[in-house]
Amino acid sequence: MTHHLKKTAVAACAAAAALALTAGPASAAPSTVWTVSPSPAAFTAVNAGNIVLTATIPMTCTASNASGTMASTTGNPANVAAISTMNFGTSGAPCTSVLGNVTTVAVTPWDVVAVDYNSATGVTTGYVGNVKANVSAGVCKFTVAGKASATYTNSTGVLAVNSVAGELTVSNPVNCGAIVTTSTKPTFKGNYAVKVAGTTTIPTIVGSNP
């Protein structure tokens, strides 16, 4: 009996040691200090590739731009930038869909919200918040609101918007039939190249803990 208990104890210790090795270190605490450089500063952002809003059907913009202000801050989540203007399409290059040309009028301000920072890659993960826009595609009109998941990469200055279904909602659909309803789950996807206004300088966002 004693020999059996010793064998059982040895096996239990070995299992515990193996579990400790495979578990690895605990995750780092989320950043609460956000250093934006330069700060405060105005910024501009221009699309790098197509911007696509999908609400059952894709609505594609070959031109889109934004501007606003950015500044260092604290907290988590934290607003690191405010988007004061957000434009989709131009008179010479309107956004398009199978329903016809698309007009999207943003209701600003929108926010750039930081949640996590990877110091190894220089990538901030978060979302574009307080999103609201009135959309017209042909005779179909509706409002989109909510947030859109996004990342910002310091080395390239690219704000990559890549929302998932459920982050944005539809309200007040008119003349849309069954194509766009209040049950529709829109998505907003596209990349924006960000610069300090009037310069070629790429701003950076760094998250840390005090």
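Report follows, based on the coordinates. Just so you know, these numbers come straight off a predicted model, no measurement behind them.

1. Details of the overall build of the protein chain
Argument step 1. When its secondary structure is counted, the protein chain shows one helix and 16 strands.
Argument step 2. Sequence separation of 24 or more characterises 64% of the internal contacts of the protein chain that already satisfy a separation of 6 or more.

2. Quick word on a nonpolar patch on the surface
Argument step 1. A surface patch of nonpolar side chains, amounting to about 260 Å² of accessible area, comprises Val 98, Leu 99 and Ile 179.
Argument step 2. For Ile 179, the position within the fold is in the loop between β14 (168-174) and β15 (187-196).

3. A look at the pairing of strand β5 (residues 64-70)
Argument step 1. Going residue by residue along β5, you find Ser 64, Ala 66, Gly 68 and Met 70 tucked away on one face and Asn 65, Ser 67 and Thr 69 left uncovered on the opposite face.
Argument step 2. Of the pairings in the sheet, the one linking strand β2 (residues 41-47) to β5 comprises six bridges and is antiparallel in character. Note on β5: the bridge partner recorded for Ala 41 is Met 70.
Argument step 3. With seven bridges connecting them, β5 and strand β7 (residues 78-88) associate as antiparallel partners. Bridge pairing in β7 places Ala 66 opposite Met 86.

4. Overview of the packing of aromatic side chains
Argument step 1. This structure, assessed with the given rule, holds three aromatic pairs.
Argument step 2. Between Phe 88 and Trp 110, the aromatic rings sit 6.4 Å apart at their centres with planes inclined by 45 degrees, giving tilted as the arrangement. With Phe 88 in strand β7 and Trp 110 in strand β10 (residues 110-118), this residue pair connects regions lying 22 residues apart in the sequence.
Argument step 3. For Phe 88, a relative accessible area of 12% translates into the label buried.
Argument step 4. When the centroid spacing of 6.4 Å and the interplanar angle of 75 degrees are considered together, the rings of Trp 110 and Phe 188 count as edge-to-face. Taken together, the positions of Trp 110 in strand β10 and Phe 188 in strand β15 put the pair 78 residues apart, joining distant regions of the chain.
Argument step 5. A relative accessible area of 1% places Trp 110 in the buried class.
Argument step 6. A network of ring pairs unites the aromatic residues Phe 88, Trp 110 and Phe 188 as a single cluster.
Argument step 7. The positively charged end of Lys 147 is found above the aromatic ring belonging to Tyr 127, 4.5 Å away from the centroid.

5. Re the sheet that holds strand β1 (residues 33-37)
Argument step 1. An order of β6-β1-β16 is seen for the three strands of this open sheet, with the pairing classed as antiparallel. Two strands close off the open sheet at either side, each with one partner strand: β6 (73-74) and β16 (204-208).
Argument step 2. Two elements, β1 and β6, share two bridges in a ladder whose sense is antiparallel. Note that in β6 the partner of Trp 34 across the bridge is Thr 73.

6. Observations concerning the state of the cysteines
Simply put, disulfide is the name for a covalent bond between the sulfur atoms of two cysteines.
Argument step 1. Under the criterion given, the structure shown has two disulfides.
Argument step 2. Note that Cys 61 is cross-linked by a disulfide to Cys 95, the S-S spacing being 2.0 Å. Here the S-S torsion is close to 110 degrees, and the disulfide linking Cys 61 with Cys 95 is therefore right-handed. On the criterion of sequence distance, the pair formed by Cys 61 in strand β4 (residues 57-61) and Cys 95 in strand β8 (residues 95-97) is long-range, its members being 34 residues apart. Taken as a pair, Cys 61 and Cys 95 share a single burial class, namely buried.
Argument step 3. Covalently, Cys 140 is tied to Cys 176 through a disulfide, its sulfur atoms 1.9 Å apart. Taking the sign of the torsion about the S-S bond as the criterion, the disulfide between Cys 140 and Cys 176, at about 95 degrees, is right-handed. Here the residue Cys 140 occupies a position in strand β12 (residues 140-153), and Cys 176 occupies one in the loop between β14 and β15, the gap between them amounting to 36 residues.
Argument step 4. Cysteines bonded in the protein chain are numbered consecutively along the chain; their disulfide partners then correspond to 1-2, 3-4.

Cut-offs and rules
Residues numbered from 1 in each chain as written. Predicted model: local features only at pLDDT ≥ 70, side-chain atom pairs only at ≥ 80, totals over all residues. Heavy atoms only, no water. Helix = DSSP H or I, 4+ residues; strand = E, 2+ residues; numbered from the N terminus. Contact = heavy atoms within 4.5 Å. Patch = residues over 30% accessible without salt bridge, like charges linked within 9 Å, V, L, I, M, F, W, Y side chains within 5 Å. Areas by Shrake-Rupley, 256 points an atom, 1.4 Å probe, with all protein chains shown as cover. Salt bridge = Lys/Arg side-chain N within 4 Å of Asp/Glu carboxyl O. Buried < 20%, exposed > 50% of the residue type's maximum accessible area, 1.4 Å probe, protein only. Pairing = 2+ DSSP bridges. Phe/Tyr/Trp six-rings, centres within 6.5 Å; stacked < 30°, edge-to-face > 60°. Lys NZ or Arg CZ within 6 Å of the ring centre and 35° of its normal. Disulfide = S-S within 2.5 Å.

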